[in-house]
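The residues making up each chain are set out below.
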Amino acid sequence: MIDGLPYRQVGTDMMRPGGLICVADHASNHVPAEVDLGIDRKLLDDHIALDIGVEGIADRLARRHGIPAHIATVSRLVCDFHRTEDDPAAVPTSSDGHLVPGNIGADIEKRLDLYHRPYHRALEAMIREAKPRMIVALHSFTPSLATSDEERPWEVALLYNNDDRAALHAIRLFGEQGLTVGDNQPYSGKQLNATMDRHAEAQGIPYCTVEIRQDQIATEAGQARWAMLLADVMGRVALEV
């Protein structure tokens, strides 16, 4: 965390009406000192604690490609910003077969007050100031789950709930790059779209929720490649919506 805040914003000096902004809800594996999750610390490097590779992409989009970023600085195991406040998974007690004992009986209201609410208030203020043409929500997914034998062949996927106008353009453009693209896979935006439901769909703002397979972006080289690709594709999508 920076200055005690559960988020940081990069490139806000470049915000202009009608531009793009990006949001990274699961960018960090940081656990504040006052929180004891009761898990093996090695799990903080696992996909259950953060979306691997996303922070590096968000930083590059802001610093090198002029797309300001709102980036989480707290692990999703402490408080999951990509959940509604009344969702039990906002403070998860288990993830992909791993128990999170420190969250059992946790003071949920305190977690929401310290992390979830300030994160979303700041994002609301950023969107209000930026008046973006489109929002890009960045996530990544693990190539395989410990609790499932499901194959995940997609290199990138687009998630959406009711508003698919930007996602469908992005699916087409990524496909033209020769990528294996998932349409609402491996998750469905009909069920998992809390941040964009609140800050994009409810405001009538087009958005793309982009899920990148983690083996594509585990290295700095992969993150730089995908930041460049995203800046190009998302810029072209924004012209269509």
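Residues numbered from 1 in each chain as written. Predicted model: local features only at pLDDT ≥ 70, side-chain atom pairs only at ≥ 80, totals over all residues. Heavy atoms only, no water.

Along its 12 residues, helix α3 (residues 165-176) runs 18 Å from first to last C-alpha, staying within 8% of the 16 Å computed at 1.5 Å per residue. Every buried residue of α3 is listed here: Ala166, Ala167, Ala170, Ile171, Leu173 and Phe174. Summarising the contacts, the buried residues of α3 are in contact with β6 (134-141), β7 (156-159), β8 (181-183), β9 (207-213) and α5 (220-238). (Helix = DSSP H or I, 4+ residues; strand = E, 2+ residues; numbered from the N terminus. Expected span 1.5 Å × (residues − 1). Buried < 20%, exposed > 50% of the residue type's maximum accessible area, 1.4 Å probe, protein only. Contact = heavy atoms within 4.5 Å.)

A word on the sheet that holds strand β3 (residues 69-72). Read from one edge to the other, the open sheet built from 7 strands follows the order β1-β3-β2-β6-β9-β7-β8, with strand pairing classed as mixed. In the strand order of this sheet, the two ends are held by β1 (7-10) and β8, each with one partner. Sheet twist, expressed as the mean angle between neighbouring strand axes with direction ignored, is 20 degrees. Docked against the sheet, helix α2 (residues 108-130) engages β1, β2 (20-24), β3 and β6, running at close to 175 degrees with respect to β3. (Pairing = 2+ DSSP bridges. Axes fitted to C-alpha atoms, helices over the stretch in contact; angles between N-to-C directions.)

Attention now goes to the nonpolar core. Core analysis: the largest hydrophobic core is formed by 73 residues, its most contacted members being Phe174, Trp226, Leu230 and Met234. Considering every element that reaches this core, the biggest residue donor is α5, with 9 residues. (Core = buried A, V, L, I, M, F, W, Y, C linked by side-chain atoms within 4.5 Å.)

On to the packing of helix α1 (residues 54-65) against α5, then. In the contact formed by α1 and α5, the axes pass within 9 Å of each other and the chain directions differ by 55 degrees. Here α1 lies oblique to α5, going by the angle between them. The interaxial crossing formed by α1 with α5 has right-handed handedness. Of the residues in α5, those in contact with Gly56, Ile57, Arg60, Leu61, Arg64 and His65 of α1 are Glu220, Gln223, Ala224, Trp226, Ala227, Met228, Leu230 and Ala231. Of the residues that constitute the contact of α1 with α5, the class distribution is 8 nonpolar, 3 polar and 3 charged. (Parallel < 35°, antiparallel > 145°, perpendicular 65-115°, else oblique. Left-handed = near helix turned anticlockwise from the far one by under 90°. Nonpolar A, V, L, I, M, F, W, Y, C, P; charged D, E, K, R; others polar.)

What follows covers the pattern of salt bridges. On inspection of all chains with the given rule, the structure shows 16 salt bridges. Measuring nitrogen to oxygen at the nearest pair gives 2.9 Å for the salt bridge that ties Arg198 to Glu124. On the criterion of sequence distance, the pair formed by Arg198 in helix α4 (residues 194-199) and Glu124 in helix α2 is long-range, its members being 74 residues apart. For Arg198, a relative accessible area of 33% corresponds to the partly exposed category. In this structure, Asp232 and Arg236 form a salt bridge, with 3.1 Å as the shortest nitrogen-oxygen distance. You can see Asp232 and its partner Arg236 sitting in helix α5, 4 residues apart, about one turn around the helix. Among the residues examined, Asp232 registers a relative accessible area of 35% and is labelled partly exposed. (Salt bridge = Lys/Arg side-chain N within 4 Å of Asp/Glu carboxyl O.)

Moving on to the packing of aromatic side chains. Applying the stated criterion across every chain, the model contains 2 aromatic pairs. On the basis of an interplanar angle of 5 degrees and a centroid distance of 4.1 Å, the ring pair of Phe81 and Tyr119 is categorised as stacked. With Phe81 in the loop between β3 and β4 (94-95) and Tyr119 in helix α2, this pair connects stretches of sequence that are 38 residues apart. Here Phe81 matches Tyr119 in class, with each residue buried. (Phe/Tyr/Trp six-rings, centres within 6.5 Å; stacked < 30°, edge-to-face > 60°.)

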